[in-house]
Amino acid sequence: MKNGDIKCMNKNDVTDIRDRIILAALPQVAFDGWSWAMVEGAAEDAGYESSMSKAVFPDRMNDVVDGFAVVAVRDMLEALAQRSIEDLRFR
């Protein structure tokens, strides 16, 4: 999806693009930390123009951090759904 297609994106499209950019960014975070330049590079790594970052993360790093939290929670809940609650230990 090119940046010219931004106007026709729906919420699911935006979520998918955000997720792809965040997942592309994760290997770089350990080396570069969270920065806007790193997010723009991750957008390119995910197959988008770097300016797509601004389109899907309009509040820049605040949106990136929120998006990362959403991805992490969603992955955690998916992993938890595959486990039996009875098999988990609680203290």
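Look above for the structure.
Here is what the cut-offs are and how they apply
- Residues numbered from 1 in each chain as written.
- Predicted model: local features only at pLDDT ≥ 70, side-chain atom pairs only at ≥ 80, totals over all residues.
- Heavy atoms only, no water.
- Core = buried A, V, L, I, M, F, W, Y, C linked by side-chain atoms within 4.5 Å.
- Buried < 20%, exposed > 50% of the residue type's maximum accessible area, 1.4 Å probe, protein only.
- Helix = DSSP H or I, 4+ residues; strand = E, 2+ residues; numbered from the N terminus.
- Axes fitted to C-alpha atoms, helices over the stretch in contact; angles between N-to-C directions.
- Parallel < 35°, antiparallel > 145°, perpendicular 65-115°, else oblique.
- Contact = heavy atoms within 4.5 Å.
- Nonpolar A, V, L, I, M, F, W, Y, C, P; charged D, E, K, R; others polar.
- Phe/Tyr/Trp six-rings, centres within 6.5 Å; stacked < 30°, edge-to-face > 60°.

### Describing the nonpolar core
Counting 18 residues, the largest nonpolar core has Ile17, Ile21, Val39, Met52, Val56 and Phe57 as its most contacted members. Those elements that place two or more of their residues in this core are helix 1 (11-32), helix 2 (36-45), helix 3 (52-56) and helix 4 (61-81).

### Focus on the packing of helix 1 against helix 4
When two helices pack together, you describe them by how their axes are tilted relative to each other and by the distance separating the axes. Contact geometry for helix 1 and helix 4: axes closest at 10 Å, N-to-C directions at 90°. Here helix 1 is positioned roughly perpendicular relative to helix 4, judged by the angle of their axes. Counting all contacts with helix 1, which are made through Arg18, Asp19, Ile22, Leu23 and Leu26, the residues of helix 4 involved are Asp63, Val64, Gly67, Phe68, Val71 and Arg74. Split by residue class, the contact of helix 1 with helix 4 holds six nonpolar, one polar and four charged.

### Section: the packing of aromatic side chains
Enumeration over the complete set of coordinates arrives at one aromatic pair. Residues Trp34 and Phe68 carry aromatic rings whose centres are separated by 5.4 Å and whose planes lie at 55° to one another, so their mutual orientation is tilted. Taken together, the residues span a long stretch of sequence, with Trp34 in the loop between helix 1 and helix 2 and Phe68 in helix 4 at a distance of 34 residues. Note on Trp34: relative accessible area 33%, which makes it partly exposed.

### Here we look at unusual backbone geometry
If a residue is not glycine, its phi is most likely negative; likewise, a peptide bond is most likely trans. Located in the positive-phi region is Arg60, a residue other than glycine, with phi close to 50°. Arg60 sits in the partly exposed class, given a relative accessible area of 37%.

### What about the environment of Glu78?
Counting through the fold element by element, Glu78 comes out in helix 4. Separated by 64 residues in the primary sequence, Glu78 and Val14 place their C-alpha atoms 21 Å from one another.

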